[in-house]
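# Architecture and fold: a report
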Amino acid sequence: MDLMERTVVRCADGHVFSTASFPMQQAERLGPGRLVRCPRCARLRSVVPVSLEKQ
């Protein structure tokens, strides 16, 4: 059972992944972008949340 809330994000290179640590998610004054290590390119990248909409 996953007790941590996961957030689906997209990095600056376009890789989409989920992360359990999306720091200060509620801090609207800082904007939507955060620095998180991307598992695909293994670098700290600016990431933004992805809206999960069915088409």
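Report on the accompanying structure. (Residues numbered from 1 in each chain as written. Predicted model: local features only at pLDDT ≥ 70, side-chain atom pairs only at ≥ 80, totals over all residues. Heavy atoms only, no water.)

Summing up its helical and strand segments, the protein has zero helices and four strands in all. Ordered by position in the sequence, the α and β elements of the protein form the string β-β-β-β. For the protein, with 55 residues in total, the buried portion stands at 24%. Element-wise, carbon and sulfur atoms account for 51% of the exposed surface of the protein, whose accessible area totals about 4,600 Å². (Helix = DSSP H or I, 4+ residues; strand = E, 2+ residues; numbered from the N terminus. Buried < 20%, exposed > 50% of the residue type's maximum accessible area, 1.4 Å probe, protein only. Areas by Shrake-Rupley, 256 points an atom, 1.4 Å probe, with all protein chains shown as cover.)

A few words now on unusual backbone geometry. Positioned with a positive phi, Ala42 is a non-glycine residue whose angle comes to about 55°. On the secondary structure map, Ala42 appears in the loop between β3 (34-37) and β4 (44-49).

Pairing within the open sheet is antiparallel, and its four strands lie in the order β2-β1-β4-β3. The open sheet has two free edges, formed respectively by β2 (16-19) and β3, since each of these has just one partner strand. The average angle at which neighbouring strand axes cross in this sheet is 50°, direction not considered. In terms of strand pairing, strand β1 (residues 7-11) meets β2 through four bridges, oriented antiparallel. Among the inter-strand pairings, Thr7 is bridged to a residue of β2, identified as Thr19. (Pairing = 2+ DSSP bridges. Axes fitted to C-alpha atoms, helices over the stretch in contact; angles between N-to-C directions.)

Another point: the environment of Glu5. Mapped onto the elements, Glu5 comes out in the segment before β1. Using a relative accessible area of 64% as the deciding quantity, one classes Glu5 as exposed. Sequence spacing of Glu5 and Ser18 is 13 residues, and the spatial spacing of their C-alpha atoms is 9.9 Å. Residue contacts for Glu5: discarding those within four places in its chain leaves Thr19 and Ala20. (Contact = heavy atoms within 4.5 Å.)

This is a description of form; function is not addressed.
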